[in-house]
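Residue-level structure breakdown
Residues per chain, in single letters:
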Amino acid sequence: MDDKLSLRTKLAYACGDAGCCFITYISINYYTFYMTNMIGLSLVVASIIVVISRIWDAINDIFVGVMVDRTYTPKGKARPWIKWFLIPLVVISILMFAVPNSLPNSAKAAWCGIAFCIFTLFYTTVNLPYGAMLPLMTKSGSQRTQLATFRMFGAMVGVIGIQIFFLPTVAII
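Remember, it's a predicted structure, so these values are computed and weren't measured experimentally.

**A word on the confidence of the model for the protein**
- On average, the protein scores 88 in pLDDT, and the residues at 70 or more come to 97%.
- No element of the protein has a lower mean pLDDT than helix 5 (residues 141-172), which averages 81, and none a higher one than helix 2 (residues 43-69), which averages 95.

Put into structure tokens, the structure is as follows:
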């Protein structure tokens with residue numbers, strides 16, 4: 001393991017977090033709006049779905065963290081998790097916003113609740129190992145600090161991208 005990370009490696013690590021933040025902030029900033037304004041659920045139902053998924057997220061974080069920590073593969077501890085769950089995360093991200101309008105409100109609420117809980121699980125299975133990669137990439141404290149700085153920069157790029165491009169597009173629609 002080389003203790004000096006290239007600029008390319010640091011930028012690549014930042015891009016990964018930009019993508020993670022992009023998908024998370026779409027779900028945080030838009031999903032409640034989608035549930036209430038697009039498919040007609042009440043704000044109370046949407047709020048209950050969000051609260052339940054946040055509680056579920058707190059629970060599954062612990063279990064996924066333990067499972068990642070116990071993973072030993074030739075590709076390492078963290079990378080396999082990202083590879084295994086990236087496609088399921090994309091699929092559930094699409095399914096969250098694919099509620100058929102013809103369903104009764106109770107079925108729409110069930111769809112949204114189940115999809116959002118699965119989304120939080122799959123997001124955890126991708127993002128938690130992604131964060132765990134940082135100390136596995138280098139033993140150097142200064143390189144870890146730089147890598148963490150690049151990661152946070154990538155996260156801010158993702159958040160700003162959502163604010164600049166996605167939310168105004170939703171307002172137009």
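Next, the rest of the story.
**Re the pattern of salt bridges**
- Under the counting rule described, the total for this entry stands at three salt bridges.
- Note that Arg-151 is salt-bridged to Asp-17, the shortest N-O span being 3.2 Å. In this pair, Arg-151 is assigned in helix 5 and Asp-17 in helix 1 (residues 7-38), connecting sequence segments 134 residues apart.
- Looking at Asp-17, the relative accessible area reads 4%, which means it is buried.
- Arg-54 serves as the salt-bridge partner of Asp-57, at 3.4 Å between the closest nitrogen and oxygen. Placement of the pair is Asp-57 and Arg-54 together in helix 2, with a separation of three residues, close to one helical turn.
- Classification of Asp-57 as buried rests on a relative accessible area of 15%.

**Some details on the packing of aromatic side chains**
- Using the criterion set out here, one finds 13 aromatic pairs in the structure.
- Ring geometry for Tyr-30 versus Phe-33: centroids 5.4 Å apart, planes at 40 degrees, classification tilted. Pair noted here: Tyr-30 and Phe-33 are both in helix 1, with a separation of three residues, about one helical turn.
- Here Phe-33 falls in the partly exposed class, since its relative accessible area comes to 33%.
- Both rings, one in Tyr-34 and one in Phe-97, keep their centres 5.0 Å apart while their planes meet at 70 degrees; by these two values the pair is edge-to-face.

Cut-offs used in this document
- Residues numbered from 1 in each chain as written.
- Predicted model: local features only at pLDDT ≥ 70, side-chain atom pairs only at ≥ 80, totals over all residues.
- Heavy atoms only, no water.
- pLDDT = per-residue confidence, 0-100.
- Helix = DSSP H or I, 4+ residues; strand = E, 2+ residues; numbered from the N terminus.
- Salt bridge = Lys/Arg side-chain N within 4 Å of Asp/Glu carboxyl O.
- Buried < 20%, exposed > 50% of the residue type's maximum accessible area, 1.4 Å probe, protein only.
- Phe/Tyr/Trp six-rings, centres within 6.5 Å; stacked < 30°, edge-to-face > 60°.

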